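# A closer look at the structure
In case you want the letters, here they are:
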Amino acid sequence: MTPKLDCPGSIVPHKGKMLLLSRIISYDLEEQILCAEYDITENCIFYNPEIEGVPAWVGFEFIAQAISALSGIRGLMSGEEPKIGYILSVSSMQIDCHFFQAGNTVQINVKEIGCMDQVFNFEGAIFLEGKKVLDGKLTVIETASNRAP
């Protein structure tokens, strides 16, 4: 595992309020795993003042951005800029909370479980205060371009 990386914006194509990673805690390119954190604040694009937090279903986007960070780190190691990826499917999603409250920090873990060409399959999980509150599988495709359409 590698040390913490405090600047996820340099390895994912998301910027501003759409950047949903606060820091990369660790990653292992050999094992194709990454652990990140996101600090829930009122500044989050998905923040809902009625619940004073972010709906838990947004967790799939946290997982997707952690996947993007792993891809960005792989690219960084080979001198490439972060590439754009798209979610093709979300499956087996289990959610054990309704929302992430402002002030919470969620931990996001992802592991690549297979790939064919530019299509990748991942398992992802989100932990809140050490307890797993969301997990599921995402299939994503990575484009050859580093620019969004």
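Above this note sits the structure.
Now for a description of the structure that goes with this document. Predicted model, so just to flag it, every value in this text is computed and none were measured.

## Thoughts on the overall build of the protein
In terms of regular secondary structure, the protein is built from 1 helix and 8 strands. Across the protein, helices and strands are ordered from the amino to the carboxyl terminus as β-β-β-α-β-β-β-β-β. Scaling as 2.2 N^0.38, a compact globule of 149 residues should have a C-alpha radius of gyration of about 15 Å, and the protein matches this with 14 Å. In the protein, which comprises 149 residues, the share counted as buried stands at 40%. Across the protein, every contact between residues at least 6 apart in sequence was considered, and the portion connecting residues at least 24 apart equals 64%. About 7,900 Å² of surface is accessible on the protein, with carbon and sulfur atoms providing 52% of the total. When the 11 basic and 19 acidic side-chain charges of the protein are each reduced to a single mean position, those positions are 2 Å apart.

## What about the pairing of strand β2 (residues 33–39)?
Bridge analysis of strand β1 (residues 23–28) against β2 gives 5 bridges, and the strand direction is antiparallel. Looking across to β2, one finds that I24 is bridged to A36. Between β1 and the antiparallel strand that follows it, β2, lie 4 residues; Q32 among them carries a positive phi value of about 60 degrees. Strand direction decides the pairing type here: β2 and strand β6 (residues 105–116), joined by 7 bridges, are antiparallel. Looking across to β6, one finds that C35 is bridged to N109.

## Quick notes on the state of the cysteines
By the definition in use, this model includes 0 disulfides. No disulfide involves C35; its sulfur sits 17 Å from the nearest other cysteine sulfur, which is in C97. Taking the relative accessible area as the measure of exposure, C35 reaches 11% and is therefore buried.

## What about helix α1 (residues 59–77)?
An ideal rise of 1.5 Å per residue puts 27 Å on 19 residues; α1 measures up with 27 Å between its terminal C-alpha atoms. Within α1, 15 of the 19 residues are buried, which leaves the element mostly enclosed by the surrounding structure. Backbone geometry just after α1 places G79 at a positive phi near 80 degrees.

## Side note on the packing of aromatic side chains
In this structure the tally under the stated criterion is 4 aromatic pairs. Judged by centre distance (6.1 Å) and plane angle (80 degrees), the ring pair of F46 and W57 falls under edge-to-face. In this pair, F46 is assigned in the loop between β2 and β3 (53–55) and W57 in the loop between β3 and α1, connecting sequence segments 11 residues apart. A residue is classified by how much of its surface remains accessible, and F46, at 25% relative accessible area, is partly exposed.

Procedures and definitions
Residues numbered from 1 in each chain as written. Predicted model: local features only at pLDDT ≥ 70, side-chain atom pairs only at ≥ 80, totals over all residues. Heavy atoms only, no water. Helix = DSSP H or I, 4+ residues; strand = E, 2+ residues; numbered from the N terminus. Rg over C-alpha atoms; globule rule 2.2 N^0.38 Å. Buried < 20%, exposed > 50% of the residue type's maximum accessible area, 1.4 Å probe, protein only. Contact = heavy atoms within 4.5 Å. Areas by Shrake-Rupley, 256 points an atom, 1.4 Å probe, with all protein chains shown as cover. Lys, Arg positive; Asp, Glu negative; His and termini not counted. Charge placed at Lys NZ, Arg CZ, Asp CG, Glu CD. Pairing = 2+ DSSP bridges. Disulfide = S-S within 2.5 Å. Expected span 1.5 Å × (residues − 1). Phe/Tyr/Trp six-rings, centres within 6.5 Å; stacked < 30°, edge-to-face > 60°.

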